[in-house]
Amino acid sequence: MLTLAPDIEVLARFGRALADPIRCRILLALRQAPAHPADLADALGVSRTRLSNHLACLRDCGLVVALPAGRRTRYELADERLGHALDDLRTAVVAVEADRTCPDADEKGCC
């Protein structure tokens, strides 16, 4: 059971990061390989300004780090375990979705 404030805060930050589809796409892209913001913006089809705001959120959440690379900045996941966590979370959600045991899921929009 999570009772320590730091544990809860960490999960809340992770949840806040995952609450936006663009941030999810950024994390999944960085799971594959580090990238420069311009390349990420092009790959995701978003403006550089919008991407910059999302990267700032992910940095504040402690999920990505910005590393200077000459005159440019490269982004990567703050810890390689985050990539594994994203994979585990994604496959767990898919497994739960496939096993929809709640009979009211479609009507109530839950589960």
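Because the structure is predicted, anything quoted here is derived from the model rather than measured.

Conventions we followed
- Residues numbered from 1 in each chain as written.
- Predicted model: local features only at pLDDT ≥ 70, side-chain atom pairs only at ≥ 80, totals over all residues.
- Heavy atoms only, no water.
- Salt bridge = Lys/Arg side-chain N within 4 Å of Asp/Glu carboxyl O.
- Helix = DSSP H or I, 4+ residues; strand = E, 2+ residues; numbered from the N terminus.
- Buried < 20%, exposed > 50% of the residue type's maximum accessible area, 1.4 Å probe, protein only.
- Core = buried A, V, L, I, M, F, W, Y, C linked by side-chain atoms within 4.5 Å.
- Contact = heavy atoms within 4.5 Å.

With that out of the way, let us pick up the pattern of salt bridges. Applying the stated criterion across every chain yields a total of five salt bridges. Across the salt bridge formed by Asp 87 and Arg 31, the nearest N and O atoms sit 2.7 Å from each other. Taken together, the positions of Asp 87 in helix 5 (residues 80-98) and Arg 31 in helix 2 (residues 21-32) put the pair 56 residues apart, joining distant regions of the chain. Taking relative accessible area as the criterion, Asp 87 reaches 24% and is therefore assigned partly exposed. The class of Arg 31 is partly exposed, set by a relative accessible area of 26%. With a shortest N-O distance of 3.3 Å, Arg 90 and Asp 87 are connected by a salt bridge.

Moving on to the nonpolar core. Grouped together as the largest cluster of nonpolar side chains are 22 residues, with contacts concentrated most on Ile 26, Leu 27, Leu 30, Leu 51, Leu 58, Leu 63 and Val 64. Elements with a contribution of two residues or more to this core: helix 1 (5-18), helix 2, helix 3 (37-44), helix 4 (48-60), strand 2 (72-77) and helix 5. Ignoring sequence-local partners within four residues, the contact set of Leu 58 consists of Ala 17, Arg 23, Ile 26, Leu 27, Leu 63 and Val 64.

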